[in-house]
Amino acid sequence: MAITGNFADFSLPELLQFLDHGKKTGVLQIQFSSEQTENKVKQVYYIWLHQGRVITAADRLDQKSLTLMITQRGWISERVISRVTQISASSISTPLGLFLKSQGMLQPEQLKLLFNTQVLRPVCALFQIQNGLFTFNPVVNLPLPLAEMTGLSMSATEVILMGLRALRDWKALADKLPDCTSGLTSLVAKQPQMQLNAQEWQVWEFVNGNVSLNNIAHHLRIPVETVQQIAFRLIVVGLVEENFLVAPSSTLTLEDSIPEVLAEPVPEPNQKPTVSQSFLKSLVGFLRSK
């Protein structure tokens, strides 16, 4: 059953975390309008996942995107790629990137650069979309787009972390950020197993549910917006949850704690006691009811 929605309700980081947590296999299609053109041309992007891991991504379905990236860098011509894949039987069942590496035509560092360009950079850009539409079509036996695959993969959670770390414009995710008066509570029993950066570890030290993001920012001497963004990253990858702190109530004085009926002025000696207005009203009401 397909999963559809809008990024205004369910952000892409939250969606990717859901797919990773559920070890989903399928194709995520994202449709959005380009704000850089006057007529706002519709654009489509595809992300392939296998058991919650991102294996490739492209803005086309003809399986020519990876080949184009390689040829544009001048590493291998399209004619040579086509020729070696046609004469080798192993190319039929091997991701293109790994196949070219096995032939000595690509180096491991080149594969990493291709994966970064193919997946991480575009996903980071997609995090900035406010009103994109998405459809995830789960497939039990996903036909792998071998011609678009470097052979490298990354868990969707890792993609989220790396993408959000590189994000500069947080406008699309502003409503998703935790409140600066909230604290953070850990959802894991031990230290996080995923690799956090220095600032994320600093914020993690305050994950006890009792320290507000404002206070964390003050202690670390960094902007509270930065702490909110770090907190969102830790929340969306399932390490912590937002804890709404209750503001401390004002201290009551002795006079404030005395009920009004007992707070009537105490008559001084030899002074005729005065009858309170509230007592008279109650007495009149009582007599009328008789």
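Per an unreviewed UniProt entry, the protein chain goes by the name PatA-like N-terminal domain-containing protein and belongs to Cylindrospermum stagnale PCC 7417.

Caption draft 1: Up close: the environment of Ile81. Note that Ile81 resides in helix α3 (residues 78-87). According to the relative accessible area criterion, Ile81 is buried, its value standing at 4%. Measuring from C-alpha to C-alpha, the distance between Ile81 and Leu96 comes to 9.1 Å, with 15 residues separating the pair along the chain. If near-sequence neighbours (up to four positions away) are discounted, Ile81 is found in contact with Thr67, Ile70, Thr71, Ile76, Leu96 and Leu100.

Caption draft 2: Seen up close, unusual backbone geometry. With phi around 50°, Lys23 is a residue other than glycine that occupies positive phi space. Inspection of the secondary structure assignment puts Lys23 in the loop between α1 (12-21) and β2 (26-33). Phi angles above zero are rare outside glycine, and Arg221 is one such case at about 60°. Inspection of the secondary structure puts Arg221 in the loop between α8 (213-220) and α9 (224-236). Looking at Arg221, the relative accessible area reads 77%, which means it is exposed.

Caption draft 3: Fine view of the sheet that holds strand β4 (residues 53-58). One open sheet accounts for 6 strands, arranged β1-β5-β2-β3-β4-β6; its pairing is antiparallel. On the outer flanks of this sheet lie β1 (3-6) and β6 (154-155), each paired with one strand and no other. Sheet analysis places β2 next to strand β3 (residues 42-50), joined by 8 bridges and oriented antiparallel. By the bridge assignment for β3, Gln29 is matched with Tyr46.

Calculation criteria
Along every chain, residues carry numbers that run from 1 in the direction the sequence is written. In view of the model being predicted, local features appear only for residues whose pLDDT reaches at least 70, and side-chain atom pairs are presented and counted only at 80 or more, with totals across whole chains, interfaces and linings using the full set of residues. Calculated side-chain values reflect all of the structure's heavy atoms, with hydrogen atoms and water omitted. By definition, any uninterrupted DSSP run of H or I lasting at least four residues is a helix, any uninterrupted run of E lasting at least two residues is a strand, and each is numbered from the N terminus. Note on classification: 1.4 Å probe, protein chains only; a residue is buried when its accessible area is under 20% of the maximum for its type, exposed when over 50%, partly exposed between these limits. A contact between two residues is defined here by any heavy atoms of the two lying within 4.5 Å. Following DSSP output, two strands are said to pair if at least two bridges run between them.

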